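# Inside the fold
Take a look at the letters that make up each chain.
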Amino acid sequence: EAVSNAAYAILWLLVHAVGRLLFGYRSVGAGHVPDGGVLIAANHASYVDIPFTGIGLRRRMWYLGRQDLFLPALRPILRWFGWIPIRQDRVDRNGFGKAISLIREGKVVVIYPEGTRTPDGRLRPGRPGIGMIVAETGCPVVPAYLSGTRDVLPIGARWIALKPVSVTFGAPIDFSDAAKKLEGKEFYQHVGRTVMARIAELGQVPPPAERPEHRAPVPSRNAG
């Protein structure tokens, strides 16, 4: 792990330097991120969201992302750097289990609750996975809004544009009281709605509208 941490630190320095030099990168509100295990939830607009989230904090992060996100040859290396692959066709208990274990160990895990990049720039509803992680760990959730990443590399683009990028971290959200009143699907939906609303506030953009395709039944957190 020491070698992995050192490699991550070197990569962080390189990406941070490129971000500041070529994209005028700014990180706002990093002081909101508490010590210990925490889940950072950010909007998802571009493939470059992961590096621009990662250089927003000096702490090492692990990142949940769909399993087909990268070329097969690169996946072992990227997992070593902190990528946690997630299946999209069902609730991936292995992937979420890894995230839960890391948070319990006091690590920082990043999730993009929308589950996929926005095709039009508007926020989409949060999926159940974020609620499952919070239900199992009781961890605080720090909302984050990435600005400019869609301009840098929108869906379908072949080239990166040198546009300004920033990330804003908000105050952590504590769901312990909600967990006493809600469980299973109701709790997952509450977490998703609350987090996406806070992300919208940080970006000063409209919150996501509920869509029928995101209301599929979700297994109880006590199942399995």
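Residues numbered from 1 in each chain as written. Predicted model: local features only at pLDDT ≥ 70, side-chain atom pairs only at ≥ 80, totals over all residues. Heavy atoms only, no water.

## Side note on the environment of leucine 57
Following the sequence through the fold, leucine 57 ends up in the loop between helix H2 (49-54) and strand E3 (61-66). For leucine 57, a relative accessible area of 6% gives the class buried. It is 6.3 Å that separates the C-alpha atoms of leucine 57 and alanine 30, two residues lying 27 residues apart in sequence. Non-local contacts of leucine 57, meaning those with residues more than four positions away in its chain, are made with Trp12, Ala30, Val33, Ile40 and Phe169. (Helix = DSSP H or I, 4+ residues; strand = E, 2+ residues; numbered from the N terminus. Buried < 20%, exposed > 50% of the residue type's maximum accessible area, 1.4 Å probe, protein only. Contact = heavy atoms within 4.5 Å.)

## Describing a nonpolar patch on the surface
On the surface, a nonpolar cluster with roughly 500 Å² of combined accessible area is contributed by Val18, Leu21, Leu22, Ile160 and Leu162. With respect to the element layout, isoleucine 160 can be found in the loop between helix H6 (149-152) and strand E7 (166-169). (Patch = residues over 30% accessible without salt bridge, like charges linked within 9 Å, V, L, I, M, F, W, Y side chains within 5 Å. Areas by Shrake-Rupley, 256 points an atom, 1.4 Å probe, with all protein chains shown as cover. Salt bridge = Lys/Arg side-chain N within 4 Å of Asp/Glu carboxyl O.)

## Concerning helix H5 (residues 129-137)
Counting buried positions over the nine residues of H5 gives seven, a clear majority of the element. Every buried residue belonging to H5 is among Gly129, Ile130, Gly131, Met132, Ile133, Val134 and Ala135, and all of these are buried. Contacts from the buried residues of H5 go to strand E2 (38-42), E3, helix H4 (93-104), strand E5 (108-111), strand E6 (141-147) and helix H8 (184-203). Looking one or two places after H5, you find glycine 138, whose phi comes out positive at around 70°.

## Examining the packing of aromatic side chains
Considering all chains together, one arrives at four aromatic pairs under this definition. With 5.6 Å between their ring centres and 20° between their planes, tyrosine 25 and phenylalanine 52 make a pair best called stacked. On the criterion of sequence distance, the pair formed by tyrosine 25 in the loop between helix H1 (2-23) and strand E1 (26-28) and phenylalanine 52 in helix H2 is long-range, its members being 27 residues apart. A relative accessible area of 6% means that phenylalanine 52 is categorised as buried. One aromatic cluster in this structure is built from Phe23, Tyr25 and Phe52. Geometry around tyrosine 47 places arginine 117 over its ring, the cationic atom sitting 3.8 Å from the centre. (Phe/Tyr/Trp six-rings, centres within 6.5 Å; stacked < 30°, edge-to-face > 60°. Lys NZ or Arg CZ within 6 Å of the ring centre and 35° of its normal.)

## Structural notes on the packing of H4 against H5
Taken N-terminus to C-terminus, the directions of H4 and H5 make an angle of 45°; their axes are 10 Å apart at the nearest point. In terms of axis orientation, H4 runs oblique to H5. As for how H4 packs across H5, the hand of that crossing is right-handed. Residues Arg93, Phe96, Ala99, Ile100, Ile103 and Arg104 of H4 pack against Gly129, Met132, Ile133, Glu136 and Thr137 of H5. (Axes fitted to C-alpha atoms, helices over the stretch in contact; angles between N-to-C directions. Parallel < 35°, antiparallel > 145°, perpendicular 65-115°, else oblique. Left-handed = near helix turned anticlockwise from the far one by under 90°.)

## Thoughts on the confidence of the model for the protein
When pLDDT is averaged along the protein, the result is 89; 89% of the residues meet or exceed 70. Of the regions scoring below 50 in pLDDT, residues 212-224 engages in 25 contacts with residues more than four places distant in sequence or in other chains. (pLDDT = per-residue confidence, 0-100.)

## Some remarks on the nonpolar core
Residues Leu39, Leu64, Ile133 and Val195 are the most contacted members of the largest nonpolar core, which totals 32 residues. Elements with a minimum of two residues in this core: E2, E3, strand E4 (83-86), H4, E5, H5, E6 and H8. Examining the composition of this core, we find that seven residues originate from one element, H8, more than from any other. The contact partners of leucine 64, leaving out residues within four places of it in the chain, are Ile84, Ile86, Gly95, Phe96, Ala99, Val109, Val110, Ile111, Tyr112 and Ile133. Among the nonpolar cores identified, the runner-up in size contains 28 residues, and Val33, Ile50, Met61 and Leu146 belong to it. (Core = buried A, V, L, I, M, F, W, Y, C linked by side-chain atoms within 4.5 Å.)

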